[in-house]
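Coordinates in review
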Amino acid sequence: MSFLLPKLTSKKEVDQAIKSTAEKVLVLRFGRDEDPVCLQLDDILSKTAPDLSKMATIYLVDVAHTPVYTQYFDISYIPSTVFFFNGQHMKVDYGSPDHTKFVGSFKTKQDFIDLIEVIYRGAMRGKLIVQSPIDPKNIPKYDLLYQDI
């Protein structure tokens, strides 16, 4: 389903998307098109994109084409989903040590829709971090990897 969503293939395109997306949540899915978990997430993203079109813009970013952002957001697991609003990086408290990105695939379409609604409402109120509405059982668990320390 990744062919249904627009792709950003360079740092310049990602920069432009971050700067130009106004009054909407910008969703950047970092991953690889051929990865099975990325394909599962892409299916959820593509099916919810029409319903969320007034609140969110969704792009796919290949980690191989944007090493600057892959390193900046410390993307060591794929897929990783990062959120922005009016050029500001939106953080979400998932109950894990990392608030900068969602790692893995969402269990249901409704989990993703609920998260976008919470981010959108929080951003409209000026918040930079919001509490995740997703049931903790549906959030993938992983260990943080610290490289080059």
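These notes cover the structure that comes with them. What you see is a predicted model, and the numbers here were worked out from it, not measured in a lab.

**Some words on the pairing of strand E3 (residues 56-62)**
By the criterion of burial, E3 is predominantly enclosed, with seven of the seven residues buried. Residues Ala56, Ile58, Leu60 and Asp62 line one face of E3 and the alternating positions Thr57, Tyr59 and Val61 line the opposite face, and both faces are buried. Strand direction decides the pairing type here: strand E1 (residues 7-8) and E3, joined by two bridges, are parallel. Of the residues in E3, the one forming a bridge with leucine 8 is valine 61. With seven bridges connecting them, strand E2 (residues 25-31) and E3 associate as parallel partners. The residue of E3 that forms the bridge with phenylalanine 30 is valine 61. In this fold, E2 hands off to helix H2 (residues 36-48), which returns the chain to E3; that crossover is right-handed.

**Focus: the packing of aromatic side chains**
Within the structure shown, the criterion is met by eight aromatic pairs. Relative to phenylalanine 106, the ring of phenylalanine 102 has its centre 4.1 Å away and its plane inclined at 10°; by these criteria the two rings are stacked. Note on phenylalanine 102: relative accessible area 1%, which makes it buried. The buried category is assigned to phenylalanine 106, whose relative accessible area is 1%. Look at phenylalanine 106 and phenylalanine 112: their rings are 5.1 Å apart centre to centre, the planes differ by 55°, and that puts the pair in the tilted class. Members of the aromatic cluster, joined through ring pairs, are Phe30, Tyr69, Tyr72, Phe73 and Phe84.

Procedures and definitions
- Residues numbered from 1 in each chain as written.
- Predicted model: local features only at pLDDT ≥ 70, side-chain atom pairs only at ≥ 80, totals over all residues.
- Heavy atoms only, no water.
- Buried < 20%, exposed > 50% of the residue type's maximum accessible area, 1.4 Å probe, protein only.
- Helix = DSSP H or I, 4+ residues; strand = E, 2+ residues; numbered from the N terminus.
- Pairing = 2+ DSSP bridges.
- Right-handed = clockwise from strand over helix to strand, strands pointing away.
- Phe/Tyr/Trp six-rings, centres within 6.5 Å; stacked < 30°, edge-to-face > 60°.

In short, the description is geometric, and any link to function would need to be established separately.
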